[in-house]
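Structural description and commentary
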Amino acid sequence: MCGIIGYIGSRQATPLLIGGLRKLEYRGYDSAGVSVFNDGMSRVVRCRGKLGNLEEKLKAEPAPGTVGIGHTRWATHGRPSDENSHPHKVGPVSVIHNGIIENHLQLRSELVASGSQFSSETDTEIFAHLVERQLVDGAPDLTTAVRRALLKVRGSYAFVVMSDKEPGTLVAAKNSSPLVVGLGEGENFVASDVTAILSETRKVIFIEEGELVTVTRDSVQITDFEGKPKQREPKIITWSAVQAEKGGFKHFMLKEIHEQPRAVADTLVGRVDLEGDDVRLDGVELDVKNIKRIIFIACGTSYHASMVGEFLVESLARIPVEVDLASEFRYRDPIVGPGDLVVAVSQSGETLDTMEAIREAKKKGATVLAISNVVESSIPRLADHAFYTHAGPEIGVASTKAFTTQLIGIALLAIYLGRRTNALSRERARTLLAELVQIPNKMRDVVEQGAHLQVLARRYGNATGFLFLGRGAQYPIALEGALKLKEISYIHAEGYAAGEMKHGPIALIDDQLPVVVLVPKGPSYEKTVSNLAEVRARQGKVLAIATRGDNEIGGHSDDVVLVPDTALELQPMLTVLPLQMLSYYVADQKGTDVDQPRNLAKSVTVE
Ligand code: AGP
């Protein structure tokens with residue numbers, strides 16, 4: 001998630017832009033820049049690193065002027081670097097962007113073929129070329145040039161554009177990424193969220209999907225992409241600055257739970273080939289016919305995602321899979337070598353155990369693929385190949401959107417492998433991909449059940465222990481649910497394979513122990529229902545996570561949370577959501593520090 005801000009008025013723009021970007025720093029970024037118009041042209045000053053680097057650069061290269069745009073970049077396409085930083089300027093046109101242009105490869109090749117020269121690896125620079133082309137081809141004004149350029153673009157975006165030929169105007173457009181206009185006296189702002197401008201104005205207009213806005217010092221005109229005017233009453237923001245950072249949610253964790261449909265959709269953008277019934281891994285090409293075994297290596301939540309990966313890859317690609325805790329793998333003198341594909345899963349890309357484990361694997365001749373959420377972090381840089389989730393910065397220590405986007409990334413990998421081992425037919429891939437692109441909407445259905453989970457948290461939240469049970473790909477979800485609960489509420493919780501109940505954990509069952517059971521429709525349903533019966537026969541309290549339309553499960557449970565039906569391989573992306581919300585509401589009612597739980601760090605860079 002990049003930070004965006006624009007200013008047009010009579011005050012010096014640069015201090016306002018930097019001040020606004022500073023308020024967006026909490027979201028994480030790897031580079032920053034501004035473009036400010038003065039004396040006939042806009043000057044772009046930008047660099048890799050934090051805002052302090054940019055401020056140093058601005059001391060040497062001042063950017064005076066009263067109209068400008070500013071940006072903090074969270075890299076998705078193109079590594080963090082000066083030339084990949086925003087704003088991008090082509091001719092008189094400067095652009096900043098938050099989102100992903102899905103058809104960026106096709107647009108770039110068309111522009112290059114017609115003579116455009118690129119100075120960055122980013123998808124954003126493409127849009128600067130498109131707008132500049134429209135002005136050259138006779139667009140009467142910047143708004144028209146942007147509108148015409150947008151017709152060529154597919155993907156998620158919030159763009160803000162300025163032009164040396166029309167310095168009294170900022171033009172912005174929104175499709176999926178957030179965009180807001182801040183209204184002042186003789187001045188106006190645009191931003192990716194109110195946090196950036198709250199210190200300057202509380203009077204805002206939220207721009208909606210498919211809208212384009214033309215902003216001058218004294219006017220704000222909203223239209224749809226076809227040019228039809230839209231009316232929108234300003235709102236007065238009453239949030240505090242801290243509340244604004246959380247988008248009005250009480251904690252970052254809750255905000256990030258609700259961001260998951262968007263994060264998953266962003267992780268799918270540009271990677272699902274519905275025509276070819278295949279997937280693209282951003283140019284990663286694996287020598288699939290020579291892969292004899294896949295070994296997932298990870299820690300914590302990423303390890304649970306890797307355990308789901310074992311089911312996905314073995315089911316769809318029929319390649320033998322092992323899953324290993326990084327902290328165990330690295331000290332075991334593991335039997336690994338050529339023919340092994342080691343998949344390192346890490347949100348931060350900085351977990352030391354995982355990093356050392358893949359060093360060990362590389363030393364022994366294995367090929368390493370990293371799946372990470374942070375472009376150019378240490379683990380992707382160490383790996384032979386890297387593939388990124390697009391969850392955006394995850395602030396809450398307890399991982400939520402990073403986990404579900406890892407499941408998406410691993411599902412894409414499994415389909416990629418299956419199509420190349422021929423274990424996955426084209427028809428089956430088509431069905432699976434059609435279901436995969438529905439997952440964001442189905443996730444939205446589940447995260448909107450918060451009030452129900454809050455009731456359940458009140459009902460069960462005083463227990464001194466929880467047991468989470470699941471079979472098959474739901475077993476890792478049981479482990480993940482237990483981890484979520486213990487790490488933010490400090491209540492002891494165990495995840496267990498449901499089939500293991502009779503081998504010990506059943507001794508724990510009594511009327512004080514809530515048992516959360518993952519029991520979606522599927523081949524393990526009947527067996528898991530019999531586990532529920534064993535629990536209830538011993539007065540255990542059962543909270544079942546089941547498939548919508550299951551009318552039997554209520555008779556076996558004390559409480560039920562229903563999630564939409566989906567393909568068996570994709571069920572974990574939905575069944576984990578109620579567990580995240582249950583843990584959140586239990587912790588919230590206990591009053592623990594949900595976003596920064598005691599003793600925990602967001603990235604474990606020590607051994
Ligand atoms: C998950 O809620 C925890 N914050 C922790 O288990 C985390 O998943 C683990 O430390 C691995 O981190 P990584 O994905 O950044 O490597």
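Below is a summary of the structure that appears in this document. (Residues numbered from 1 in each chain as written. Predicted model: local features only at pLDDT ≥ 70, side-chain atom pairs only at ≥ 80, totals over all residues. Heavy atoms only, no water.)

Within a sheet, each strand pairs with its neighbour through backbone hydrogen bonds, oriented either parallel or antiparallel. Across the sheet, seven strands lie side by side as 5-6-7-8-12-13-14; this open sheet has antiparallel pairing. Only two strands of the sheet have a single neighbouring strand rather than two, namely strand 5 (88–90) and strand 14 (229–230). Pairing analysis gives two bridges linking strand 13 (residues 220–224) to strand 14, with the strands arranged antiparallel. Along strand 14, the bridge assignment pairs Ile 222 with Lys 230. Contacts from helix 5 (residues 142–150) reach strand 7 (155–163), strand 8 (170–175), strand 12 (211–215) and strand 13 within the one sheet, and its direction differs from that of strand 7 by about 155°. (Pairing = 2+ DSSP bridges. Helix = DSSP H or I, 4+ residues; strand = E, 2+ residues; numbered from the N terminus. Contact = heavy atoms within 4.5 Å. Axes fitted to C-alpha atoms, helices over the stretch in contact; angles between N-to-C directions.)

Scanning all chains against the criterion turns up two cavities of 30 Å³ or more. As for the largest cavity, its lining consists of Met 1, Tyr 26, Arg 27, Phe 252, Lys 255, Glu 256, Glu 259, Pro 393, Ile 395 and Lys 401. Here the lining of the largest cavity takes four residues from helix 7 (residues 252–268), the largest share from any one element. Taken together, the residues of the lining of the largest cavity break down into five nonpolar, no polar and five charged. A volume near 40 Å³ is recorded for the second largest cavity. For the lining of the second largest cavity, the class distribution of residues is four nonpolar, four polar and one charged. (1 Å grid on protein atoms, 1.4 Å probe; cavity = no way out; pocket = protein on both sides within 12 Å on 5 of 7 lines; lining within 4 Å. Points joined across faces, edges and corners; volume = space filled by probe spheres on them. Nonpolar A, V, L, I, M, F, W, Y, C, P; charged D, E, K, R; others polar.)

Among the 15 residues in the neighbourhood of the ligand, the closest are listed as Ser 302, Ser 346, Ser 348, Thr 351 and Glu 487. Note that an oxygen atom of the ligand is positioned 2.7 Å from one of the backbone N or O atoms of Gln 347. A distance of 2.7 Å separates an oxygen atom of the ligand from a polar side-chain atom of Ser 348. When the free accessible area of the ligand is taken as 410 Å², the share hidden by the protein chains comes to 91%. Elements with a contribution of two residues or more to the shell around the ligand: helix 8 (300–317) and helix 16 (474–489). When the residues that make up the shell around the ligand are grouped by side-chain class, the tally is five nonpolar, eight polar and two charged. (Near = heavy atom within 4 Å. Polar contact = N/O pair within 3.5 Å; in protein donor to acceptor, adjacent residues only side chain to side chain. Areas by Shrake-Rupley, 256 points an atom, 1.4 Å probe, with all protein chains shown as cover.)

Attention now goes to the packing of aromatic side chains. Two aromatic rings, taken as a pair, are described by how far apart their centres are and by the angle between their planes. Summed over all chains, the structure comprises six aromatic pairs. An angle of 5° between the planes, with centres 3.8 Å apart, marks the rings of Phe 127 and Phe 159 as stacked. Taken as a pair, Phe 127 in helix 4 (residues 124–136) and Phe 159 in strand 7 lie far apart in primary sequence, 32 residues in all. Considering the side-chain rings of Tyr 157 and Phe 159, the 4.8 Å spacing of their centres and the 25° angle between planes classify their relative orientation as stacked. Residue class for Tyr 157 comes out buried when judged on its relative accessible area of 2%. Classification of Phe 159 as buried rests on a relative accessible area of 0%. An aromatic cluster of at least three residues, connected via ring pairs, comprises Phe 127, Tyr 157, Phe 159 and Phe 225. (Phe/Tyr/Trp six-rings, centres within 6.5 Å; stacked < 30°, edge-to-face > 60°. Buried < 20%, exposed > 50% of the residue type's maximum accessible area, 1.4 Å probe, protein only.)

A few words on the sheet that holds strand 18 (residues 293–298). Here we have five strands laid out as an open sheet, ordered 19-18-20-21-22, and parallel in their pairing. Only two strands of the sheet have a single partner each, and these edge strands are strand 19 (321–325) and strand 22 (385–388). Neighbour-to-neighbour, the strand axes of the sheet open up by a mean angle of 20°, direction not taken into account. Summarising the sheet, strand 21 (residues 367–372) and strand 22 pair through four bridges and their orientation is parallel.

All right, on to the side chain of Thr 122 then. Inspection of the secondary structure puts Thr 122 in the loop between helix 3 (104–113) and helix 4. According to the relative accessible area criterion, Thr 122 is buried, its value standing at 1%. The residues touching Thr 122, leaving out its near neighbours within four places in the chain, are Arg 73, His 77, Asn 84, His 88 and Arg 108.

In terms of nonpolar packing, the biggest core is built from 88 residues, with Leu 286, Ile 294, Leu 417 and Leu 436 touching the most fellow members. Not counting chain neighbours up to four residues away, the residues in contact with Leu 286 comprise Ile 291, Leu 341, Leu 369, His 385, Leu 413, Tyr 416 and Leu 417. Leu 24, Tyr 29, Val 180 and Ile 197 belong to the second largest nonpolar core, which has 28 residues in total. (Core = buried A, V, L, I, M, F, W, Y, C linked by side-chain atoms within 4.5 Å.)

All right, on to the pattern of salt bridges then. Within this structure, the stated rule accounts for 35 salt bridges. The residue Lys 484 makes a salt bridge to Glu 480 at a minimum N-O spacing of 2.6 Å. With Lys 484 and Glu 480 both in helix 16 and four residues apart, the pair spans about one turn of that helix. When its relative accessible area of 1% is taken as the criterion, Lys 484 is described as buried. A single salt-bridge network, built from bridges that share partners, covers Glu 208, Glu 211, Lys 230 and Arg 232. (Salt bridge = Lys/Arg side-chain N within 4 Å of Asp/Glu carboxyl O.)

Once that is clear, we can look at the environment of Ile 294. With respect to the helices, strands and loops of the structure, Ile 294 is situated in strand 18. According to the relative accessible area criterion, Ile 294 is buried, its value standing at 0%. The spatial distance from the C-alpha of Ile 294 to the C-alpha of Ser 346 is 16 Å, given a sequence separation of 52 residues. Setting aside its immediate chain neighbours within four residues, Ile 294 contacts Val 313, Ile 319, Pro 320, Val 321, Glu 322, Leu 341, Val 343 and Leu 417.

On to the packing of helix 1 (residues 13–22) against helix 2 (residues 51–60), then. The N-to-C vectors of helix 1 and helix 2 enclose an angle of 170°; their axes lie 11 Å apart at closest approach. Compared by their axis directions, helix 1 and helix 2 come out roughly antiparallel. Residues Thr 14, Ile 18, Leu 21 and Arg 22 of helix 1 form the contact with helix 2, whose own contacting residues are Leu 51, Gly 52, Leu 54, Glu 55 and Leu 58. (Parallel < 35°, antiparallel > 145°, perpendicular 65-115°, else oblique.)

This part covers helix 17 (residues 525–536). Every α-helical turn comprises 3.6 residues, leaving residues that sit three or four positions apart pointing alike. Over its 12 residues, helix 17 runs 17 Å from end to end, which matches the ideal 16 Å to within 8%, given 1.5 Å per residue. For helix 17, the set of buried residues is Tyr 525, Thr 528, Val 529, Asn 531, Leu 532 and Val 535. In a view along the axis of helix 17, the buried residues occupy a sector of 150°, so they form one face of it. Away from its buried face, by an angle of more than 90 degrees, helix 17 presents the exposed residues Glu 526 and Lys 527. In this structure, the buried side of helix 17 is in contact with strand 23 (465–470), strand 25 (514–518) and strand 26 (541–547). (Expected span 1.5 Å × (residues − 1). Arc of directions from axis to C-beta.)

Honestly, that's just the spatial picture; any functional story needs more than this.
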